[in-house]
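Observations on the model geometry
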Amino acid sequence: MPDATQKPTINDVARMAGVSKKTVSRVINRSPLLKKETRTKVEGVIAELGYRPNPQARALAMGRNFLIGLLHDNPNAQTVLNFQVGVLDAIRDTEFALVVRPVDRQSPHMLEDIRSFLEIQRLFGVLILPPISENDDLARLCRDMGCGYVRMGSARLDDDEHLVQSNDRECVESVIDHLVAQGHRRIAIIKGPDGFRSAKERYEGFAAAMKKHGLDIPSAAIGSGNYRFDSGIAAAETLIDTDYRPTAIFASNDEMAAGAFHAARARGIDVPTQLSIVGFDDSPIAAHILPPMTTVGWPIREMAKSAALKLIEPTNPAADLSTFPARLVVRNSVAAPRD
């Protein structure tokens, strides 16, 4: 045992555990190369001695800081916030910290800017939100720099080690199934922005379900938005004012769906007796709006936690998860059409 007046060192841990200093270091750094028995034994000695690794020394030895980067160019602030909460769940009680870095996906210098950021910060790894997560050149950049990464997407973008994904297309099909079961036939969509895989997956789910039910999709049934509230207002106004006049609108996220609520009420149209509205995300706005909104629950917090664990603790069972099924959350914004 070390002298009670001195702080225990990594050498003390190695001696008491009967292993090498390198093995102790691998346990501390959560290397997946160790046997479970060895890891358990060393962790027991660490706990018994109260040994606390020096983070600065570890960072110097590894050539990386204990920082997880979150890269995003996402117009939906709630999505970014929810993802941050999930990451913080994963790194709580660890030496890791989160660094959030907005980027401009339209900039011709995006990859150069990210390379510079990675070089300066010496990140342990990065988590990448859509739509930039869909950029294969960015994933290749991370690999070339030896920086761990996990991509979030609405479809399969990478192997399981580098991916958390949802099943957006199938969930939107369930939305249309639900509306049709209520008697709706004139169903419109407010699409998300071009360049987002999520927008593409959600529209294709909408189109597949409409075809399955033998329903046409005239151009007047398609509105376009950018995932922001004001674009939902503008798109819904256009949809409502056409001769097609839908009895139900599916908006590709909750922000735009809330805009559709606003547009309907400005025209004296009651939700849901005169117009049913469904969103996607199950963000707080969906539960707080009146009437509470039927939406698709996207388990973004759980996805974020798993993504972070894939970087910092790959042996954790939660890190094995890559596909996170979304689900229809039925509330009060849908009713049978009057006609």
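If you're wondering where the values come from, they're calculated on a predicted model, not measured in any experiment.

1. Re helix H9 (residues 197–212)
Here H9 is 16 residues long and its end C-alpha atoms lie 22 Å apart, about the 22 Å a rise of 1.5 Å per residue gives. Buried residues along H9 sit in contact with helix H8 (168–181) and strand E6 (187–191). Following H9 by one or two positions, Gly214 adopts a phi angle in the positive range, close to 70 degrees.

2. Regarding the nonpolar core
Proteins that are soluble and globular tend to have nonpolar side chains buried together. Grouped together as the largest cluster of nonpolar side chains are 45 residues, with contacts concentrated most on Phe83, Leu127, Met152, Ile176, Leu179, Ile187 and Ile312. For this core, the elements supplying multiple residues, two or more each, are strand E1 (67–72), helix H5 (77–91), strand E4 (148–153), H8, E6, H9, strand E8 (248–251) and helix H13 (300–312). Formed by 28 residues, the second largest nonpolar core is a distinct cluster that contains Ala199, Ala235, Tyr244 and Ala286.

3. Some details on the packing of aromatic side chains
Scanning the model with the defined rule gives six aromatic pairs in all. Seen in terms of ring centroids, Phe66 and Phe124 are 6.3 Å apart; in terms of plane orientation they differ by 20 degrees. Their pairing is stacked. One end of the pair, Phe66, is in the loop between helix H4 (55–62) and E1; the other, Phe124, is in the loop between helix H6 (110–121) and strand E3 (125–128), and 58 residues separate them in sequence. Exposure class is identical for Phe66 and Phe124. Each is buried. By the ring-pair criterion, three or more aromatic residues cluster together here, those being Phe66, Phe96 and Phe124. Above the ring of Phe280, the side-chain terminus of Arg202 is found at 3.8 Å from the ring centroid. For Arg202, the ring lying beneath its charged end belongs to Trp298, and the centroid distance is 5.4 Å.

4. Looking at the side chain of Asp281
Secondary-structure assignment places Asp281 in the loop between strand E9 (276–278) and helix H12 (284–288). Within the buried core, Asp281 has no salt-bridge partner, and the shortest N-O distance to an opposite charge, that of Arg202, equals 4.3 Å. In contact with Asp281, not counting residues within four places along its chain, are Asn76, Thr79, Arg202, Asn253, Asp254, Thr295, Val296, Gly297 and Trp298.

5. A few points about the sheet that holds E4
Paired through backbone hydrogen bonds, the strands of a sheet run either parallel or antiparallel to each other. A sheet is described by the order of its strands in space; here five strands give the open sequence E2-E1-E3-E4-E5, paired in parallel fashion. Where the open sheet ends on each side, the last strands, each with one partner, are strand E2 (97–102) and strand E5 (163–165). Adjacent strand axes in the sheet meet at a mean angle of 20 degrees when their direction is disregarded. Packing against the sheet, H13 makes contact with E1, E3, E4 and E5, and its axis sits at approximately 160 degrees to E4.

6. A closer look at the environment of Asp89
By the element assignment, Asp89 lies in helix H5. Take Asp89: its relative accessible area is 18%, and that puts it in the buried class. Distance in space between the C-alpha atoms of Asp89 and Lys305 is 6.3 Å, their sequence separation being 216 residues. For Asp89, the contacting residues outside a window of four places in its chain are Arg301 and Lys305. Looking at Asp89, its side chain comes within polar contact range of the side chain of Arg92, at 3.5 Å.

7. With respect to H8
Look at H8: 20 Å from first C-alpha to last across 14 residues, which is about the 20 Å you get at 1.5 Å a residue. Taken together, the buried positions of H8 are occupied by Asp168, Cys171, Val172, Val175, Ile176, His178, Leu179 and Val180. Considering only its buried residues, H8 is in contact with E6, H9, E8, E9, strand E10 (295–297) and strand E11 (327–329). Gly183 lies just past H8 and shows a positive phi near 110 degrees.

8. Some words on the pattern of salt bridges
Across all of its chains, the model carries 17 salt bridges by this definition. The partner of Glu237 in a salt bridge is Arg267, and the shortest N-O contact between them spans 3.7 Å. In this pair, Glu237 sits in helix H10 (residues 229–240) while Arg267 sits in the loop between helix H11 (254–266) and E9, placing the two residues 30 residues apart along the sequence. Residue class for Glu237 comes out partly exposed when judged on its relative accessible area of 28%. Each of Arg169, Arg197, Lys200, Glu201 and Glu204 takes part in salt bridges that share partners, so that together they form one network.

9. Details of the pairing of E1
Counting buried residues in E1 gives six out of six residues, a clear majority hidden from the surface. Burial along E1 is two-sided: the face carrying Leu67, Gly69 and Leu71 and the face carrying Ile68, Leu70 and His72 are both buried. Sheet topology note: the E1/E2 ladder contains six bridges and is parallel. Directly across from Leu70, in E2, lies its bridge partner Val100. Where the polypeptide runs from E1 across H5 and back to E2, its parallel neighbour, the crossover connection is right-handed. Judged from the four bridges that link them, E1 and E3 form a sheet pairing that is parallel. For Ile68, the partnering residue across the bridge sits in E3 and is Gly125.

10. A few points about the state of the cysteines
Inspection of the entire model under this criterion finds zero disulfides. As a non-bridged cysteine, Cys142 has Cys147 as the owner of its nearest cysteine sulfur, 5.1 Å distant. Classification of Cys142 as buried rests on a relative accessible area of 0%.

Conventions and cut-offs
Residues numbered from 1 in each chain as written. Predicted model: local features only at pLDDT ≥ 70, side-chain atom pairs only at ≥ 80, totals over all residues. Heavy atoms only, no water. Helix = DSSP H or I, 4+ residues; strand = E, 2+ residues; numbered from the N terminus. Expected span 1.5 Å × (residues − 1). Contact = heavy atoms within 4.5 Å. Core = buried A, V, L, I, M, F, W, Y, C linked by side-chain atoms within 4.5 Å. Buried < 20%, exposed > 50% of the residue type's maximum accessible area, 1.4 Å probe, protein only. Phe/Tyr/Trp six-rings, centres within 6.5 Å; stacked < 30°, edge-to-face > 60°. Lys NZ or Arg CZ within 6 Å of the ring centre and 35° of its normal. Lys, Arg positive; Asp, Glu negative; His and termini not counted. Salt bridge = Lys/Arg side-chain N within 4 Å of Asp/Glu carboxyl O. Pairing = 2+ DSSP bridges. Axes fitted to C-alpha atoms, helices over the stretch in contact; angles between N-to-C directions. Polar contact = N/O pair within 3.5 Å; in protein donor to acceptor, adjacent residues only side chain to side chain. Right-handed = clockwise from strand over helix to strand, strands pointing away. Disulfide = S-S within 2.5 Å.

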